[in-house]
Amino acid sequence: MTTLARRAGFGHDVASIAGRALRLLPRDGSAYLPAMVAGVFILIINIAALGDLPEFVDIDIDYESYQLPVGILFAVTGLSRAYALVLDIEGGYLDRLLLSPISRVAILLGLMVADVVLVAALSLLVVLVGFVLGVEFTTGVLGVLVFVGLCALWGLAFAGFPYAIALRTGNPGAVAGSWVLAFPFLLLTTAFVPREAMADWLAAVAAWNPMTYVLSGLRSLFVGWDAAELGKALGGVAVLAAVSMPLAFGALASRVRRN
Amino acid sequence: MAAGEIYGFLGPNGAGKSTCVRMLCTLLAPTSGSATVAGHNVLSDPGQVRLRIGVALQDAALDPKLTGRELLAVQARLYGMSKRQAAIRLGELAGLVDMTAIDRRIETYSGGMRRRLDLAAALIHDPEVVFMDEPTTGLDPDSRVRVWDELRRLNRDAGVTVFLTTQYLEEADELADRVGIICRGELVAEGAPTDLKRRIGTDVIIVAVDGDAHAAAEAVRPVAGVESVEVHGDELTVAVQDGSRSVSPVAVALDTNGATVTDLRLRSPSLDDVYLELTGARLAVEGS
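None of these values were measured; they are calculated from a predicted model. (Residues numbered from 1 in each chain as written. Chains lettered and ligands numbered in written order. Predicted model: local features only at pLDDT ≥ 70, side-chain atom pairs only at ≥ 80, totals over all residues.)

A. How the structure looks around the overall build of chain B. The number of helices and strands found in chain B is 11 helices and 12 strands. Considering only C-alpha atoms, chain B reaches an extent of 75 × 45 × 30 Å along its principal axes. Scored against the burial criterion, the 288 residues of chain B give a buried share of 46%. Considering only contacts in chain B between residues 6 or more positions apart, those separated by 24 or more positions represent 70%. (Helix = DSSP H or I, 4+ residues; strand = E, 2+ residues; numbered from the N terminus. Buried ≥ 20, exposed ≤ 12 C-beta atoms within 10 Å, placed from the backbone. Contact = placed C-beta atoms within 7 Å.)

Take a look at the structure:
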């Protein structure tokens, strides 16, 4: 007898996993609604509370624009399908995936593709709120697309951490608590004021925080094309990914071995 | 195992049945030894093994947020099947899946519906070898019969080889062409159920006594027609050639020797009797 099964290829495997994850997204509001609300909330509150700051510190763009990337990165840093993955582990569905002939790497990569789509959509939504608040991109539509793309890459790079926790622990509680990891990145940076206005120690820490460069790159898109700033932003994403992705894929390999 | 047979793997909880299945279906690497499934080594060629097997593990491995149809579609896609192939297979598996609930989310399914959907997911790609790890544990009688019917149909019509682990002796007796009995990680017996049961005798008289069971056993041993007597606690298992002829002499021998009989039953040997003889313990669990 012959089976109907065949290896469909790596791209097909990734698309299959991503397709399932994206199909489930609308049914799992908890995966994105809190982040969406938090992003918009932080954007509005920060502008309302600190809107007069440019009168006291040297900020070369309006504070609405200055805060827009902050609101988005607060929303998307740590946003991932890691919680869904840990439920798959707990419920046995990961076993079903591992029993199929698909690539093991595709299991994680497919979820990350879905993350990129989710983060991009969420970023775009907060950008639209920014437009309502008067934010303008002198770089035009292409600038908006680069802005959203950079946010998505940052979200993807950070997602490696919750995935690593999900795969190492198989514990939903540990994954739910992994958002705490985002705090040092989100707060020890130029979220509220430029480095020049910070205490020396905080400015020194911010200089080592990759998010600082991502924020600078994103903010640069409001005033024009600045290859150096965008390059540094991509460098910041790459540095974070260089740490998080080996952790995530290493955890996947370990989980497959332990299984 | 020969291709096209249904093999029943029997053993109590903790005997190693599930571990064995997980190794054979490539989920777990063996610490030593090797195994070949559908002509491919599980260690050196796991990808080819996965293409050829379908697996229903002990706990239904489903995504509760998907509908039954979506789950089977995703499963078909993972195996590189086209939408058309998946639709045809879904039609073929309609006897197993509750089609009236196929578009409902799995989280609304009963335990039996989930188990049968899990089985359908294991079969969607028409595998050559199917591993079923206690597929009917916890199922209601109706669902159990439906699973049995589907397994028989698969084996008979499609020639699918089935490796079935179970705690239910009745299930192994009903379905399996051959049975392997595992105890503490060791295979202690293997053969067709009828051959294994023949080891015990044609009939079995089970006697419960109040008092010295070993003395009662000695009283029964010389009775004509008695082939063997096993003592387990206060119970004797008396294997005889012809139960209807032997039951009276056995009862008389017990009475003559002063044994107090609290229960006496005549029946055909079961796989549980085989298990009892081999391991000294009964395997039968609730529901078998």
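B. How the structure looks around the overall build of chain A. For chain A, the count of helices and strands is 12 helices and 0 strands. In sequence order, chain A lays out its α and β elements as α-α-α-α-α-α-α-α-α-α-α-α. Taking 2.2 N^0.38 as the reference for a compact globule, 259 residues should give roughly 18 Å; the C-alpha atoms of chain A span a radius of gyration of 20 Å, in line with that estimate. Reported as C-alpha extents along the three principal axes, the dimensions of chain A are approximately 75 × 35 × 30 Å. Within chain A, the fraction of its 259 residues that count as buried is 44%. Partitioning the intrachain contacts of chain A with sequence separation of at least 6 by distance along the chain shows that 79% fall at a separation of at least 24. (Rg over C-alpha atoms; globule rule 2.2 N^0.38 Å.)

C. Summary view of the sheet that holds strand S5 (residues 129-133) of chain B. Residues and elements named next belong to chain B. One open sheet holds the 6 strands; their spatial order is S4-S5-S6-S1-S7-S8, and the pairing between them is mixed. Looking at the sheet topology across the chains shown, the edges are occupied by strand S4 (53-56) and strand S8 (186-191). Here the average twist between neighbouring strands, direction ignored, is 15°. In this sheet, strand S6 (residues 161-166) lies alongside S5 in parallel orientation, the contact comprising 5 bridges. Looking at S6, one finds that Met132 is bridged to Leu164. Docked against the sheet, helix H5 (residues 111-123) engages S4 and S5, running at close to 165° with respect to S4. (Pairing = 2+ DSSP bridges. Axes fitted to C-alpha atoms, helices over the stretch in contact; angles between N-to-C directions.)

D. Spotlight on the interface of chain B and chain A. Contact residues are listed per partner, giving 29 residues for chain B and 24 residues for chain A. Elements supplying a minimum of two residues to the side of chain B that touches chain A: helix H2 (46-52) and helix H3 (68-78) of chain B. For the side of chain B that touches chain A, the class distribution of residues is 15 nonpolar, 5 polar and 9 charged. (Nonpolar A, V, L, I, M, F, W, Y, C, P; charged D, E, K, R; others polar.)

E. View of H5 of chain B. Here H5 of chain B contains 13 residues, and its C-alpha end-to-end distance of 19 Å stays within 8% of the 18 Å for a straight helix at 1.5 Å per residue. Most of H5 of chain B is tucked away: 10 of the 13 residues are buried. Taken residue by residue, H5 of chain B has Arg114, Arg115, Arg116, Leu117, Asp118, Leu119, Ala120, Ala121, Ala122 and Leu123 of chain B as its buried positions. As for H5 of chain B, its buried residues are in contact with helix H5 (93-99) of chain A together with S4, H3, S5 and helix H6 (141-158) of chain B. (Expected span 1.5 Å × (residues − 1).)

F. How the structure looks around the sheet that holds strand S9 (residues 203-210) of chain B. All names here are of chain B. Here we have 4 strands laid out as an open sheet, ordered S10-S11-S9-S12, and antiparallel in their pairing. If you trace the sheet from one side to the other, it starts and ends with strand S10 (226-232) and strand S12 (260-267), each paired once. Along the sheet, successive strands turn relative to each other by an average axial angle of 20°, direction set aside. Alignment of S9 against strand S11 (residues 235-240), held across 6 bridges, turns out to be antiparallel. Counterpart to Val204 in the pairing with S11 is Ala239. Running over the sheet, helix H9 (residues 213-220) touches S9, S10 and S11 and is turned about 180° from S10. Against the sheet, helix H11 (residues 271-279) makes contact with S9, S10 and S11, and its axis sits at roughly 70° relative to S10, the strand it touches most.

G. Quick peek at the domain arrangement of chain B. Taken domain by domain, chain B comprises domain 1 (6-192) and domain 2 (201-268). Once you take the C-alpha centre of each, domain 1 of chain B and domain 2 of chain B turn out to be 41 Å apart. (Domains from an automatic or database assignment.)

H. The pairing of S12 of chain B, seen in detail. Residues and elements named next belong to chain B. Burial runs low along S12: only 0 of the 8 residues are buried. With 7 bridges joining them, S9 and S12 adopt antiparallel strand pairing. Each bridged residue has a counterpart across the sheet, and for Val207 the counterpart in S12 is Leu264.

I. Highlighting the nonpolar core. Judged by nonpolar contacts, the single largest core of 159 residues is most densely connected at Cys151 of chain A together with Ala120, Phe131 and Val238 of chain B. Sort the elements by how many residues they give to this core and helix H7 (residues 140-169) of chain A lands first, with 17 residues. Looking at which domains feed residues into this core, each of domain 1 (6-192) and domain 2 (201-268) of chain B supplies at least three. When sequence neighbours within four positions are dropped, the list of residues in contact with Cys151 of chain A reads Ile72, Leu73, Val76, Val119 and Ser123 of chain A. (Core = buried A, V, L, I, M, F, W, Y, C linked by C-beta atoms within 7 Å.)

J. Fine view of the packing of helix H11 (residues 210-220) of chain A against helix H12 (residues 227-258) of chain A. Residue and element names in this part refer to chain A. Running from N to C, H11 and H12 cross one another at 145°; their axes reach a closest spacing of 7 Å. The two elements H11 and H12 meet at a crossing, and its hand is left-handed. The segment H11 lies against H12, with Pro210, Met211, Tyr213, Val214, Ser216, Gly217, Leu218 and Ser220 engaging Glu229, Leu230, Lys232, Ala233, Gly235, Gly236, Val237, Val239 and Leu240. Here the contact of H11 with H12 is composed, by residue class, of 10 nonpolar, 5 polar and 2 charged. (Left-handed = near helix turned anticlockwise from the far one by under 90°.)

K. Structural context of the confidence of the model for chain B. Residues and elements named next belong to chain B. Chain-level statistics for chain B give a pLDDT mean of 87 and a share of 97% at 70 or above. Ranking the elements of chain B by mean pLDDT puts H11 last, at 78, and H3 first, at 95. In the model output, the complex is listed with pTM 0.83 alongside ipTM 0.84. (pLDDT = per-residue confidence, 0-100.)

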